[in-house]
Amino acid sequence: MLDSGQASPRVPPKLVAWNSNTDKLERIIHLPSPVSLPESQHNDLLISPKHQLIVIADEGIATGPVGNKAALVVVDLKTGQSRRVLQGHPSVMPDTKRPIVIDAGTAGQKSIPVYVGVDGIAMDKDEEWLYFAPLNKGELYRIPMLALANPSLPASVLANQVQFWAHKPNNGGLSIDVDGNLYLTEVGERRIGIIPASNREYRPFAADPRMIWPDGVSLGADGFLYSAAAQLPLSAPLNDGKAENQPPYYIFRFKPLSAGVAGN
């Protein structure tokens, strides 16, 4: 579990491992400065058993609407040591010309001037590639897991390992299936999209009028992918101070084209 430390009074973020077999605390890994900054908002994470790593997306919007300190955080599960990487690189930075547009083309359309850095992350079944993207950006990227796993790699060399992968809409959550198809939560349009591995061209995949800001895509034991509708555009901070979000908060599921990948 990831404790982002955002509740007041703020505390340094940490990872908490709970053993569900013994129902006991297994381990705590703290993420203090300089791995975490005042601007840090640690969000999505994934676990790599092969490389014994946890990778966290730091959106960088804890202190303001622009995630200009966004980065990836790499945690070594063998040593507990953490590194902050790619901060300031174009692949993790938001595009400040792309606000979050909700329900485009409808009477309820609105623009939210919040610019989130790297958000969704996913890893392929062979744990060779990490796919990642800022929320406010039209591009999705990937980087070799071996590069992230090498703490001696100079920052400039690591940056050169980043590859453009596909164009996309503004998205939050990200997941992947065993055939390399990527699933994205399109936060402004009440739908889930897909970037097929075959042509890397984004298209809508699943939608529902109640899917208000779908965020996060998780694999269930039944083979479905699950996503929760967070209703963030209706919350006071993103709705001119007026809270219109209300229960029920829906969780949606959908069948991926192929089996999902655990750990994403």
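The text that follows walks through the structure, step by step, so that each part is easy to find. The structure displayed is predicted, hence computed values, not measured ones. (Residues numbered from 1 in each chain as written. Predicted model: local features only at pLDDT ≥ 70, side-chain atom pairs only at ≥ 80, totals over all residues. Heavy atoms only, no water.)

### Examining the overall build of the chain
- Broken down by element type, the chain carries two helices and 20 strands.
- A globule of 264 residues ought to have a C-alpha radius of gyration of about 18 Å, and the chain, at 18 Å, matches this closely.
- For the chain, the spread of C-alpha atoms along the principal axes amounts to about 55 × 45 × 45 Å.
- Classification of the 264 residues of the chain by burial places 49% in the buried group.
- Residue pairs in contact within the chain that sit at least 24 positions apart in sequence constitute 48% of those at least 6 positions apart.
- For the chain, the computed accessible surface area is about 12,400 Å², with 54% contributed by carbon and sulfur atoms. (Helix = DSSP H or I, 4+ residues; strand = E, 2+ residues; numbered from the N terminus. Rg over C-alpha atoms; globule rule 2.2 N^0.38 Å. Buried < 20%, exposed > 50% of the residue type's maximum accessible area, 1.4 Å probe, protein only. Contact = heavy atoms within 4.5 Å. Areas by Shrake-Rupley, 256 points an atom, 1.4 Å probe, with all protein chains shown as cover.)

### Quick word on the packing of aromatic side chains
- By the definition in use, this model includes seven aromatic pairs.
- Judged by centre distance (5.6 Å) and plane angle (70°), the rings of tyrosine 131 and tryptophan 165 are edge-to-face. One end of the pair, tyrosine 131, is in strand 11 (residues 129–134); the other, tryptophan 165, is in strand 13 (residues 163–167), and 34 residues separate them in sequence. Neither tyrosine 131 nor tryptophan 165 differs from the other in exposure class; each is buried.
- Aromatic pair tyrosine 183 and phenylalanine 205: ring centres 5.6 Å apart, planes at 70°, arrangement edge-to-face. One end of the pair, tyrosine 183, is in strand 15 (residues 182–186); the other, phenylalanine 205, is in strand 17 (residues 203–207), with 22 residues separating them in the sequence.
- The class of phenylalanine 205 is partly exposed, set by a relative accessible area of 24%.
- Ring pairs connect the aromatic residues Phe132, Tyr141 and Phe164, which therefore count as one cluster. (Phe/Tyr/Trp six-rings, centres within 6.5 Å; stacked < 30°, edge-to-face > 60°.)

### Quick word on the environment of aspartate 3
- Structurally, aspartate 3 is set in strand 1 (residues 2–3).
- It is 18 Å that separates the C-alpha atoms of aspartate 3 and serine 20, two residues lying 17 residues apart in sequence.
- If we ignore the near neighbours within four places in the chain, the residues touching aspartate 3 are Val11, Pro13 and Lys14.
- Here glycine 5 takes part through its backbone nitrogen, which lies 2.9 Å from a polar atom of the side chain of aspartate 3. (Polar contact = N/O pair within 3.5 Å; in protein donor to acceptor, adjacent residues only side chain to side chain.)

### Some points on the environment of leucine 174
- Note that leucine 174 resides in strand 14 (residues 174–176).
- Other than its neighbours up to four places away in sequence, leucine 174 contacts Gly120, Ile121, Ala122, Tyr131, Phe132, Leu140, Leu182, Tyr183, Leu184 and Val217.

### Looking at the layout of surface pockets
- Empty space within the largest pocket amounts to approximately 340 Å³.
- Residue lining of the largest pocket: 17 residues in total, with Gln41, Glu59, Ile61, Trp213 and Leu232 positioned closest to the centre.
- Here the second largest pocket is characterised by a volume of approximately 170 Å³.
- What lines the second largest pocket is simply Met1, Leu15, Val16, Ala17, Arg27, Ile29, Leu45, Ile47, Ile54 and Leu77.
- Sorting the residues of the lining of the second largest pocket by element identifies strand 2 (14–19), strand 3 (24–30) and strand 4 (42–48) as the ones contributing at least two each.
- Examining the composition of the lining of the second largest pocket, we find that three residues originate from one element, strand 2, more than from any other.
- Its residues placed into classes, the lining of the second largest pocket shows nine nonpolar, no polar and one charged. (1 Å grid on protein atoms, 1.4 Å probe; cavity = no way out; pocket = protein on both sides within 12 Å on 5 of 7 lines; lining within 4 Å. Points joined across faces, edges and corners; volume = space filled by probe spheres on them. Nonpolar A, V, L, I, M, F, W, Y, C, P; charged D, E, K, R; others polar.)

### Quick notes on a nonpolar patch on the surface
- Taken together, the side chains of Met1, Trp18, Leu25 and Ile28 define a hydrophobic patch exposed on the protein surface, amounting to about 440 Å² of accessible area.
- The topology assignment puts tryptophan 18 in strand 2. (Patch = residues over 30% accessible without salt bridge, like charges linked within 9 Å, V, L, I, M, F, W, Y side chains within 5 Å. Salt bridge = Lys/Arg side-chain N within 4 Å of Asp/Glu carboxyl O.)

### Notes on the pairing of strand 3
- As judged from the six bridges shared by strand 2 and strand 3, these two strands associate in the antiparallel manner. Counterpart to tryptophan 18 in the pairing with strand 3 is leucine 25. (Pairing = 2+ DSSP bridges.)

### Considering the sheet that holds strand 19 (residues 225–229)
- Taken together, the three strands give an open sheet; going across it, the order is 18-19-20, and neighbouring strands pair in antiparallel fashion. Because the sheet does not close on itself, it has two edges, and the strands there are strand 18 (214–219) and strand 20 (251–254). The average undirected angle you get between the axes of adjacent strands in this sheet is 25°.
- In the sheet, strand 19 pairs with strand 20 via four bridges, with the strands oriented antiparallel. Of the residues in strand 20, the one forming a bridge with leucine 225 is phenylalanine 254. (Axes fitted to C-alpha atoms, helices over the stretch in contact; angles between N-to-C directions.)

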